[in-house]
Amino acid sequence: MHDFADDWAYGIKQLGKHTRNAVKMINKIGETFDRLDLELAESMKASKASKGSKPAKSTMPAEKGR
């Protein structure tokens, strides 16, 4: 009976170890996502601000003969 309990104790310790590692990785992913999201938002603001100060360029070809 002690061997069975020892096996379970070992298994539970391993689950705890792997769960802690998974939580660390998930937290790191969340922090990285938040940082990149803020960087993207700032980049979009800067791009929008620089476009607002210049006249918009037309992507349409100029009409001829009118």
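Residues numbered from 1 in each chain as written. Predicted model: local features only at pLDDT ≥ 70, side-chain atom pairs only at ≥ 80, totals over all residues. Heavy atoms only, no water.

### Brief notes about the overall build of the protein
1) Next: The helix and strand tally for the protein stands at 1 helix and 0 strands.
2) Next: With 66 residues in all, the protein has 0% of them scored as buried.
3) Next: As presented, the protein carries roughly 6,900 Å² of accessible surface, and 63% of it is formed by carbon and sulfur atoms. (Helix = DSSP H or I, 4+ residues; strand = E, 2+ residues; numbered from the N terminus. Buried < 20%, exposed > 50% of the residue type's maximum accessible area, 1.4 Å probe, protein only. Areas by Shrake-Rupley, 256 points an atom, 1.4 Å probe, with all protein chains shown as cover.)

### Topic: the pattern of salt bridges
Once the charged atoms of two side chains with opposite charge are near each other, the side chains can pair.
1) Next: Taken as a whole and assessed by the stated rule, the structure comprises 2 salt bridges.
2) Next: Across the pair R35 and E39 runs a salt bridge whose closest N-O atoms are separated by 3.2 Å. Residue R35 and its partner E39 are located together in helix α1 (residues 2–52), separated by 4 residues, close to a single helical turn.
3) Next: Classification of E39 by relative accessible area gives partly exposed; the value is 42%.
4) Next: In this structure, K45 and E42 form a salt bridge, with 3.6 Å as the shortest nitrogen-oxygen distance. With K45 and E42 both in helix α1, this residue pair falls 3 residues apart, about one helical turn. (Salt bridge = Lys/Arg side-chain N within 4 Å of Asp/Glu carboxyl O.)

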